[in-house]
Amino acid sequence: MAQASNGDMPKEASPSVIARHAATLGALPFSDTSDFDDASRGFLGTLENARVDSAQGRVVWSLEPYGFLSDAEAPATVDPSLWRQSRLNMNHGLFEVVPGVYQVRGLDIANMTLIEGERGVIVVDTLTSIEGARAALELYFKHRGRRPVAAVIFTHTHIDHWGGARGALDDDALASGLVPIVAPNLFMEHAVSENIIAGPAMLRRAQYQFGPLLAKGPRGQVDCGLGKSMAAGSVALLRPTDLIMATGDRRSIDGIEFEFQMAPNSEAPAEMHFFVQHYKLLNLAENCTHNFHNLLPFRGADVRDALAWSKYLGEALRMWGGKADAMCGQHHWPVWGHDRIDTMIRQQRDLYKFAHDQTIRLMNHGLTAAEIAETIKLPTSLEGAWHARGYYGHIRHNVKAIYQKYLGWYDANPVNLDSLPPVEAGRKYVEYMGGADSILARASKDFANGEFRFVAQALSHLVFADPDHQAARALLADTLEQLGYAAESATWRNAYLFGAQELRQGMPKVPPRPGMPRETLAALRTEQLWDMLGVRLNGPKAEGKHIVLNWSFTDTNETFVLTLENCALTYIEGAQAPAADASFTLLRDVLDEVIAKQTSFPEAVVSGRIKLSGNAMRLAELMELMDEFPRMFEIVEPKRTAVS
Ligand SMILES: [Zn+2]
């Protein structure tokens with residue numbers, strides 16, 4: 001077997017990557033530094049290195065490891081446009097947006113916006129963690145004086161916008177019930193469900209998107225486009241007390257008038273924008289940020305609706321164009337002045353519309369997703385707008401998402417209908433291409449010529465055919481690394497560099513997955529718990545089994561019949577089967593406790609918290625058919641453990 005000669009360490013940038021960066025420097029308007037002015041405007045103070053610790057002294061967030069970004073000039077191993085964005089995302093602390101409106105930025109991937117009311121302060125989005133939210137609020141109090149939190153607004157359902165809510169609302173505030181929590185309609189339905197059913201797969205894939213397990217540095221992770229990275233820390237979901245139902249809905253919150261716009265199925269399934277006349281402040285949540293956002297993040301998600309997204313921005317312009325002195329979002333920095341605000345919204349509106357319409361046009365000409373990605377090019381007017389650059393999403397993968405939304409995974413070429421999976425295909429490719437040595441010889445030559453995209457494709461066949469071929473792994477790692485260095489998109493860079501790292505070092509060891517927090521469980525409907533159980537059922541193991549269980553939850557007044565037959569777990573709500581194998585009566589809360597592994601089912605039976613009749617062993621039998629999902633699984637190489 002060939003031995004790795006290149007070592008495990010990240011390499012230099014190749015000449016073709018350096019040439020590409022030089023071209024980028026010439027092509028984009030680097031002399032326009034207004035974003036740097038905006039990102040630092042109104043600075044009032046910060047925490048050293050933006051560092052947030054947990055009560056146990058664990059680092060929840062810190063920008064210290066990103067100190068290397070102080071160099072203005074991009075190193076050869078980072079795209080200069082991405083370097084610029086990464087530097088902009090280094091601004092951290094408390095900033096005045098307009099007098100009376102403040103933002104904490106850079107203490108998390110997302111922003112906290114603080115709007116002063118008659119008596120207190122309205123907190124818009126609460127960052128990812130309780131620790132982060134507390135630190136952000138303390139920073140605000142330090143500079144603006146202590147005042148009560150008068151309300152919390154969640155702009156949308158992603159965790160970096162609500163995870164820290166308990167850091168903004170203490171027990172007294174919660175118990176009083178006097179502090180409204182305002183959120184878009186269907187907030188609870190979507191806040192956790194987006195990541196529940198496919199959670200294990202998404203969390204592993206998110207490592208490739210955000211690069212949390214990469215070293216930070218010029219040859220490693222520099223940013224993720226929207227901000228630095230995912231935050232750690234403790235999370236809790238709070239139930240909104242006031243849902244915004246329709247565009248044009250108004251609320252007077254702590255004496256300040258808010259006008260809302262609904263934007264469902266845009267960047268999140270439930271999302272909303274608002275305008276505050278008193279401050280002439282427009283907040284477009286996460287739909288108008290300083291990058292081309294994702295229509296389908298690499299972690300995996302329901303495809304987002306580019307057409308709806310564009311329409312919401314158009315509607316926002318019609319409702320509030322020319323009215324706002326400042327526009328802020330819940331990521332990145334604000335923009336000031338009617339003209340600049342309207343221009344940015346218009347360009348963002350057209351960015352999503354252009355991507356949508358041109359994808360469909362090319363699709364209707366018969367081009368496939370990969371061909372559309374290769375063909376499409378943003379118009380010059382958008383190409384040169386910094387906020388339209390693909391740091392997080394990217395035109396080349398966003399068009400694939402649009403294709404998927406309308407036509408799905410299949411490109412209609414029957415060759416791709418039932419193609420061989422990677423290992424089997426890899427073996428045949430290697431055979432047809434004359435064996436490993438022949439592939440490596442050609443790949444090395446093409447690598448030297450900078451043909452990284454095809455070299456990666458060809459070598460991937462070899463790695464899937466022979467994952468222990470060290471020279472193939474090493475050259476594929478080097479190739480992915482050059483693709484990472486060349487990428488303007490932070491998410492592309494993270495994906496490529498993490499792929500390279502796993503080829504060189506194997507999958508990182510990570511601690512076992514923690515149990516699901518009780519508050520998350522409490523937010524789920526009982527049907528969703530059964531759905532989660534259903535996708536854990538190992539179909540082949542369940543062959544020939546027939547189990548019927550009655551469930552009765554006395555706190556929620558729900559009943560269910562859970563049935564296993566035909567290797568599928570189904571349920572009927574509002575019913576009890578007369579001939580069930582067993583019947584269970586309990587509080588829904590107790591079921592949550594069992595799932596969170598705070599008690600066991602038998603313990604709860606013994607303590608009388610679960611009452612049962614019939615043959616309870618049939619439940620044990622059902623639970624033995626459930627898979628546990630691994631936290632890690634192979635991505636750039638074949639699965640080492642067979643899954644069936
Ligand atoms: Zn966000």
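Among the 8 residues that make up strand E18 (residues 558-565), 6 are buried, leaving the element largely enclosed by the rest of the structure. Where strand E17 (residues 547-553) and E18 come together, 7 bridges link them in antiparallel fashion. Looking at the pairing, Trp551 lines up with Phe560 of E18. Between the antiparallel neighbours E17 and E18 lie 4 residues, among them Asn557 with a positive phi of about 55 degrees. By the bridge criterion, 6 bridges tie E18 to strand E19 (residues 568-573) in an arrangement that is antiparallel. Paired with Leu564 across the strands is Leu569, a residue of E19.

The subject of this paragraph is the side chain of Asn398. Residue placement: Asn398 occurs in helix H13 (residues 395-407). Taking relative accessible area as the criterion, Asn398 reaches 0% and is therefore assigned buried. A polar atom in the side chain of Asn398 sits 2.8 Å from the backbone oxygen of His293. With near-sequence residues (within four places) excluded, Asn398 lies in contact with Phe292, His293, Asn294, Leu295, Leu296 and Gly393.

On to a nonpolar patch on the surface. Taken together, the side chains of Ile197, Val535 and Phe629 define a hydrophobic patch exposed on the protein surface, amounting to about 240 Å² of accessible area. Under the relative-accessibility criterion, Val535 is labelled partly exposed at 41%.

This part takes up helix H16 (residues 452-465). The end-to-end C-alpha distance of H16 is 20 Å, a good match for the 20 Å that 14 residues give at a rise of 1.5 Å each. Within H16, the full set of buried residues consists of Phe452, Val455, Ala456, Ala458, Leu459, Leu462, Val463 and Phe464.

As for its placement among the helices and strands, Met188 is situated in helix H7 (residues 187-191). Setting aside anything within four residues of it in sequence, one finds Met188 in contact with Leu237, Leu238, Arg239, Pro240 and Ala523.

Tallied over the full model, the rule gives 37 salt bridges. Taking the shortest distance from any N to any O, the salt bridge between Arg251 and Asp242 comes out at 2.7 Å. Residue Arg251 is classed as partly exposed on the basis of its relative accessible area of 22%. Where Arg250 meets Glu257, a salt bridge forms, and the shortest distance between an N and an O atom there is 3.7 Å. Connected via shared salt-bridge partners are Lys11, Asp478, Glu481 and Arg504.

This next bit is on the confidence of the model for the chain. Per-chain confidence: the chain averages 96 in pLDDT, with 99% of residues scoring 70 or above. Contacts from residues 1-5, a stretch scored under 50 in pLDDT, to residues over four places away or in other chains number 8 contacts.

With that out of the way, let us pick up the pairing of strand E11 (residues 250-253). Sheet topology note: the E11/strand E12 (residues 256-262) ladder contains 4 bridges and is antiparallel. Residue pairing for E12: Arg250 is matched across the bridge by Glu259. Linking E11 back to E12 in an antiparallel pair, the connection comprises 2 residues, with Asp254 at a positive phi of about 50 degrees.

Working note: non-glycine residues mostly have negative phi, and peptide bonds are mostly trans. A positive phi angle, near 55 degrees, is found at Asn49, a position not held by glycine. As for its placement among the helices and strands, Asn49 is situated in the loop between strand E1 (43-45) and strand E2 (52-53). With a relative accessible area of 29%, Asn49 lands in the partly exposed category. Positive phi, normally seen in glycine, also occurs at Asn557, with a value near 55 degrees. Its place among the elements puts Asn557 in the loop between E17 and E18.

Right, let's talk about the environment of Gly177 for a bit. With respect to the helices, strands and loops of the structure, Gly177 is situated in the loop between helix H6 (171-176) and strand E9 (181-184). Sequence separation between Gly177 and Arg119 is 58 residues, and the spatial gap between their C-alpha atoms is 17 Å.

Below, the discussion takes up the coordination of the zinc ion. Within the first shell, the zinc ion binds the protein through Asp160 (OD), His161 (NE2), Glu286 (OE) and His331 (NE2), at distances of 2.0 to 2.2 Å. Here the zinc ion is ringed by 4 donor atoms whose angles at the metal span 83 to 175 degrees, and the overall shape comes out irregular. On the primary sequence, the residues serving as donors to the zinc ion are separated as D-H-x124-E-x44-H. Placement of the pair is His161 in the loop between strand E8 (149-153) and helix H5 (165-168) and Glu286 in the loop between strand E14 (281-283) and helix H9 (306-320), with a sequence separation of 125 residues. For the pair shown, His161 and Glu286 are each scored as buried.

With that settled, consider the side chain of Asn283. With respect to the helices and strands, Asn283 occurs in strand E14. Within the structure, the side chain of Asn283 is placed 2.7 Å from the side chain of Gln330, a separation counted as a polar contact.

With that out of the way, let us pick up the sheet that holds E18. Taken in spatial order, the 5 strands line up as E19-E18-E17-E20-E21 in an open sheet, and their pairing is mixed. Each having just a single partner strand, E19 and strand E21 (610-614) make up the two edges of the open sheet. Averaged over all pairs of adjacent strands, the angle between strand axes in this sheet comes to 20 degrees, irrespective of strand direction.

Another aspect to go through is the sheet that holds strand E10 (residues 242-244). Taken in spatial order, the 8 strands make up an open sheet running E1-E4-E5-E6-E7-E8-E9-E10, and their pairing is mixed. Edge positions in the sheet fall to E1 and E10, since each has one partner strand and no second. The mean inter-strand angle of the sheet, taken between neighbouring strand axes irrespective of direction, is 25 degrees. With 2 bridges joining them, E8 and E9 adopt parallel strand pairing. Across the sheet, residue Ile153 finds its bridge partner in E9, namely Val182.

What follows concerns the packing of helix H1 (residues 15-27) against helix H17 (residues 470-486). For the pair H1 and H17, the least separation of the axes is 9 Å and the interaxial angle reads 10 degrees. The angle between the axes of H1 and H17 places the two elements in the roughly parallel class. When H1 is examined against H17, the residues Val17, Arg20 and His21 are found in contact with a partner set consisting of Gln482, Tyr485 and Ala486. In terms of residue class, the contact of H1 with H17 is built from 3 nonpolar, 2 polar and 1 charged.

Put simply, H16 and H17 touch, their axes get as near as 9 Å, and they point 150 degrees apart. Taken as axis vectors, H16 and H17 run roughly antiparallel relative to one another. Between H16 and H17 lies a crossing whose hand is left-handed. For the pair H16 and H17, contact is made by Phe452, Arg453, Val455, Ala456, Leu459, Ser460, Leu462 and Val463 and by Ala472, Arg473, Leu475, Leu476, Thr479, Leu480, Gln482 and Leu483, respectively. Counted by class, the contact of H16 with H17 contains 11 nonpolar, 3 polar and 2 charged residues.

With respect to the helices, strands and loops of the structure, Ala616 is situated in the loop between E21 and helix H23 (617-623). Along the sequence, Ala616 and Phe584 sit 32 residues apart, while their C-alpha atoms lie 8.6 Å from each other.

Under the definition given, this model contains 27 aromatic pairs. With a centroid separation of 4.8 Å and 75 degrees between ring planes, the pair formed by Tyr208 and Phe498 is classed as edge-to-face. Highlighted residues: Tyr208 in helix H8 (residues 199-210) and Phe498 in helix H18 (residues 490-505), separated in sequence by 290 residues. Of the residues examined, Phe498 reaches a relative accessible area of 0% and is grouped as buried. Their ring planes at 65 degrees and their centres at 6.0 Å tell us that Phe260 and Phe274 sit as a pair that is edge-to-face.

The rules we used
- Residues numbered from 1 in each chain as written.
- Predicted model: local features only at pLDDT ≥ 70, side-chain atom pairs only at ≥ 80, totals over all residues.
- Heavy atoms only, no water.
- Buried < 20%, exposed > 50% of the residue type's maximum accessible area, 1.4 Å probe, protein only.
- Helix = DSSP H or I, 4+ residues; strand = E, 2+ residues; numbered from the N terminus.
- Pairing = 2+ DSSP bridges.
- Polar contact = N/O pair within 3.5 Å; in protein donor to acceptor, adjacent residues only side chain to side chain.
- Contact = heavy atoms within 4.5 Å.
- Patch = residues over 30% accessible without salt bridge, like charges linked within 9 Å, V, L, I, M, F, W, Y side chains within 5 Å.
- Areas by Shrake-Rupley, 256 points an atom, 1.4 Å probe, with all protein chains shown as cover.
- Salt bridge = Lys/Arg side-chain N within 4 Å of Asp/Glu carboxyl O.
- Expected span 1.5 Å × (residues − 1).
- pLDDT = per-residue confidence, 0-100.
- Donors = N, O, S within 2.8 Å, 3.2 Å for Na, K, Ca; no water.
- Tetrahedral: all angles 85-135°; square planar, octahedral: opposite > 155°, others 65-115°.
- Axes fitted to C-alpha atoms, helices over the stretch in contact; angles between N-to-C directions.
- Parallel < 35°, antiparallel > 145°, perpendicular 65-115°, else oblique.
- Nonpolar A, V, L, I, M, F, W, Y, C, P; charged D, E, K, R; others polar.
- Left-handed = near helix turned anticlockwise from the far one by under 90°.
- Phe/Tyr/Trp six-rings, centres within 6.5 Å; stacked < 30°, edge-to-face > 60°.

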